[in-house]
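Now for the letters of each chain:
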Amino acid sequence: MHLIGSSLSCKREGKLIFSELNFKVSSGEICWIKGPNGSGKSTLLRLLAGFIKVSFGEITLDNKKITNKNDVIYENFFYLGHNNPLKSYLTVKQQIDFWEGITHTKYDLELDSFNLKNIMDLKIYECSDGQKKRIGLSRLTIDDKKVWLLDEPTNSLDIDNIEILKKHLKLHQKKGGLAMIASHENFIFKPYKDIKLTLETPKNLEKDPFF
Amino acid sequence: MLFALANKSILLSTSFFVILILTVGIGFGQTGDSSEKTVIAIIWIATALSSLLSIKEMFQNDFEDGTLDFYMLSAATLETIICLKAFTHWITTNLPIIFLIPLISIPLGITFYHSILISLVMLVSTPALSFISTLGAALTLGEKGGNLLLSIFILPTFLPIIIFGMKISILITNSIYDIMAHLILFALSLICLAITPFITSAIIKVHYS
């Protein structure tokens, strides 16, 4: 499986966020998207997930063009943004049941990879930020997808849980999945082969009369 | 799944309905005009207004916390999700009101038999309100303070159903029960069920890109 972006550009509200971006990520590879704040890391991930339109260039997955096709179900992508998709009035158990209901897969309680057993009956608004992040990440095991798009997955995670996340990334690699991760933190990726996309800071496009 | 889609606004919109009816009822009581026609108008307008109350929450929370992203990438199609949302909205806001109508309209001077017929009319026509509401919810997605904008969009689209429903209800109080008109309202609901999910999902997709 290959995810290829060729000369990708993205313009939003008259500003060029990035341009002429080329990359190729294959099965078993993890791509680390680096860049300063506001350089378009999140935008790139949302673009890959199909939430934002590509201005120029194209994205292909296994030689199939997937750029700007509204009717394509992006069934291969897992996306976790920096806001956790959790409903504060549910308990952890109900939240997980809800995901299970939509994805038709089960969270393995015996394995309990993200140590959720003890907080199952807590309401989500009672959880700490780190716990919330863990609940959000536990969806990785419920929602089984080939391509992981993770936006700042290590935010507010402690070292133990970063280790757990690393373990899951390794498993994912073994299964032949690929992952693209936007993160400031360096250390979690050291054992992996990574591809670095360093994004430039946004340029103003006022000179361009056609936009 | 339905449980998670629902939120805690069940009591809120139902009590809003009751309070609205009582206030308007008392207000009209002062004028001495308490004909059945006025009562029916109040009931229908109150239903439409309390239906408006919780529309904003349909997609807004999901949009803000990223659950909508999850829906978009999940195997479930957006149209299914929208249908479920509209259905949940109907169960949580309109269904309690329908049960309340016989209770609340008897003190206002409508006979029990007539009020049951009126709630039957409501039962078949209010799903249309919920499905039309999804359009407004999708249109004002991400808009800060979009609530007012939403009311301006959506209330006029409720009009055909309100006019039709009110006419039938007034006929009912005159002891004329028109089954055909009843069926036409049901058809309106079914048309909305068939069309709006596709339009709404298109709006949401455009909104994203």
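A brief look at the structure comes next. (Residues numbered from 1 in each chain as written. Chains lettered and ligands numbered in written order. Predicted model: local features only at pLDDT ≥ 70, side-chain atom pairs only at ≥ 80, totals over all residues. Heavy atoms only, no water.)

Scanning chain B from terminus to terminus reveals nine helices and zero strands. Reading chain B from its N end, one meets helices and strands in the order α-α-α-α-α-α-α-α-α. Across the 209 residues that make up chain B, the buried fraction comes to 51%. Counting contacts in chain B only where the partners sit at least 6 residues apart, residues at least 24 apart contribute 82% of the total. Here chain B displays about 9300 Å² of accessible surface, and carbon together with sulfur accounts for 77% of that area. (Helix = DSSP H or I, 4+ residues; strand = E, 2+ residues; numbered from the N terminus. Buried < 20%, exposed > 50% of the residue type's maximum accessible area, 1.4 Å probe, protein only. Contact = heavy atoms within 4.5 Å. Areas by Shrake-Rupley, 256 points an atom, 1.4 Å probe, with all protein chains shown as cover.)

All names here are of chain A. Relative to strand E4 (residues 56–61), strand E1 (residues 2–12) is paired through five bridges, and the arrangement is antiparallel. Its bridge partner being in E4, Gly5 is matched across the sheet by Ile59. Relative to strand E5 (residues 64–65), E4 is paired through two bridges, and the arrangement is antiparallel. Residue pairing in the sheet places Leu61 in a bridge with Lys64 of E5. Taking the residues that link successive antiparallel strands as the turn, the E4-E5 hairpin has two residues, and the phi of Asp62 there is positive, at about 50°. (Pairing = 2+ DSSP bridges.)

Okay, the pattern of salt bridges next. All names here are of chain A. Following the criterion strictly, the structure yields four salt bridges over all chains and no others. Here Glu163 ties to Lys166 by a salt bridge, and the two come within 3.4 Å at their closest N and O atoms. One end of the pair is Glu163 and the other is Lys166, both in helix H4 (residues 159–174) and three residues apart, which spans about a single turn. By relative accessible area, Glu163 is classed as partly exposed at 42%. (Salt bridge = Lys/Arg side-chain N within 4 Å of Asp/Glu carboxyl O.)

In this section: the side chain of B:Ser115. Residue and element names in this part refer to chain B. By secondary structure assignment, the location of Ser115 is in helix H7 (residues 112–139). Judged by relative accessible area, Ser115 falls into the buried class, the value being 0%. There is a polar contact of 2.7 Å between the side chain of Ser115 and the backbone oxygen of Phe112. Setting aside its immediate chain neighbours within four residues, Ser115 contacts Ile101, Pro102, Ser105 and Ile110. (Polar contact = N/O pair within 3.5 Å; in protein donor to acceptor, adjacent residues only side chain to side chain.)

Glancing now at unusual backbone geometry. Positive phi, normally seen in glycine, also occurs at A:Glu152, with a value near 50°. Exposure remark for A:Glu152: the relative accessible area of 8% places this residue in the buried category. Of note, the phi angle at B:Ser175 is positive, near 60°, even though the residue is not glycine. Exposure remark for B:Ser175: the relative accessible area of 58% places this residue in the exposed category.

Before going further, it helps to spend a moment on the environment of B:Leu117. Among the secondary structure elements, B:Leu117 is positioned in helix H7. Sequence-wise, B:Leu117 and B:Ile168 are 51 residues apart; in three dimensions their C-alpha atoms are separated by 9.8 Å.

What follows is about the environment of B:Ala138. All names here are of chain B. Checked against the element boundaries, Ala138 lands in helix H7. Judged by relative accessible area, which is 0%, Ala138 ranks as buried. In sequence terms Ala138 and Phe63 are 75 residues apart; their C-alpha atoms lie 9.9 Å from each other. Once residues within four sequence positions are removed from consideration, Ala138 is found in contact with Phe59, Thr200, Ile203, Ile204 and His207.

This next bit is on H4(A). Residue and element names in this part refer to chain A. Taking 1.5 Å of rise per residue, the 16 residues of H4 would be expected to cover 22 Å, and the 23 Å separating its terminal C-alpha atoms lies within 8% of that figure. Along H4, the residues classified as buried are Asn161, Ile162, Ile164, Leu165, Lys166, His168, Leu169 and His172. Check the buried side of H4 and you find it contacts strand E3 (30–34), helix H3 (129–142), strand E7 (147–151) and strand E8 (178–182). (Expected span 1.5 Å × (residues − 1).)

Residue and element names in this part refer to chain B. Two elements in contact, H7 and helix H8 (residues 146–173), have axes whose closest approach is 10 Å; the angle formed by their N-to-C orientations is 170°. When the axis of H7 is compared with that of H8, the two are roughly antiparallel. For the pair H7 and H8, the sense of crossing is right-handed. Residues His114, Leu117, Ile118, Val121, Ser125, Ala128, Leu129, Ile132, Ser133, Gly136, Ala137 and Leu139 of H7 touch H8, and the partners they reach there are Leu150, Phe153, Ile154, Thr157, Phe158, Ile161, Gly165, Ile168, Ser169, Ile172 and Thr173. (Axes fitted to C-alpha atoms, helices over the stretch in contact; angles between N-to-C directions. Parallel < 35°, antiparallel > 145°, perpendicular 65-115°, else oblique. Left-handed = near helix turned anticlockwise from the far one by under 90°.)

This part covers helix H6 (residues 78–105) of chain B. Given a rise of 1.5 Å per residue, 28 residues ought to cover 40 Å, and the 39 Å separating the end C-alpha atoms of H6(B) matches this to within 8%. Its maximal kink placed at B:Ile91, H6(B) deviates by approximately 35°. (Bend = angle between axes of the 7 residues up to and from the residue.)

We now examine the environment of B:Ile21. Residue and element names in this part refer to chain B. Within the fold, Ile21 resides in helix H2 (residues 10–31). Sequence separation between Ile21 and Ala46 is 25 residues; the distance between their C-alpha atoms is 6.7 Å. Ignoring anything within four residues of it in the chain, the contact list for Ile21 reads Ile42, Ile43, Ala46, Ile104 and Leu108.

It is worth spelling out the packing of helix H4 (residues 57–65) of chain B against H6(B) at this point. Residue and element names in this part refer to chain B. Look at H4 against H6: their axes get within 10 Å of each other, and the N-to-C directions meet at 130°. When the axis of H4 is compared with that of H6, the two are oblique. Residues Met58, Phe59 and Asp62 of H4 form the contact with H6, whose participating residues are Ile82, Lys85 and His89.

Moving on, we come to the nonpolar core. Of all hydrophobic cores here, the largest spans 113 residues; its most connected members are A:Leu3, A:Leu8, A:Leu44, A:Leu149, A:Met180 and B:Ile204. Element by element, the count of residues in this core is highest for H7(B), at twelve residues. Here this core gathers at least three residues from each of two domains, domain 1 (1–76 + 146–206) and domain 2 (83–144) of chain A. (Core = buried A, V, L, I, M, F, W, Y, C linked by side-chain atoms within 4.5 Å. Domains from an automatic or database assignment.)

It is worth spelling out the packing of aromatic side chains at this point. Scanning the entire structure with this criterion turns up five aromatic pairs over all chains. Arranged with centres 6.5 Å apart and planes meeting at 55°, the rings of A:Phe78 and A:Trp148 form a pair that is tilted. Remark: A:Trp148 occurs in strand E7 and A:Phe78 occurs in strand E6 (residues 77–80); sequence separation between them is 70 residues. Taken as a pair, A:Phe78 and A:Trp148 share a single burial class, namely buried. Centroid distance B:Phe87 to B:Trp90: 6.3 Å. Interplanar angle 20°. Geometry classified as stacked. Note that B:Phe87 and B:Trp90 are positioned in helix H6 at a spacing of three residues, about one turn of the helix. Three or more aromatic residues link up through ring pairs in this structure, and these residues are A:Phe98, A:Trp99, B:Phe70 and B:Tyr71. A cation sits over an aromatic face here: A:Arg139 above A:Trp99, 5.7 Å from the ring centre. (Phe/Tyr/Trp six-rings, centres within 6.5 Å; stacked < 30°, edge-to-face > 60°. Lys NZ or Arg CZ within 6 Å of the ring centre and 35° of its normal.)

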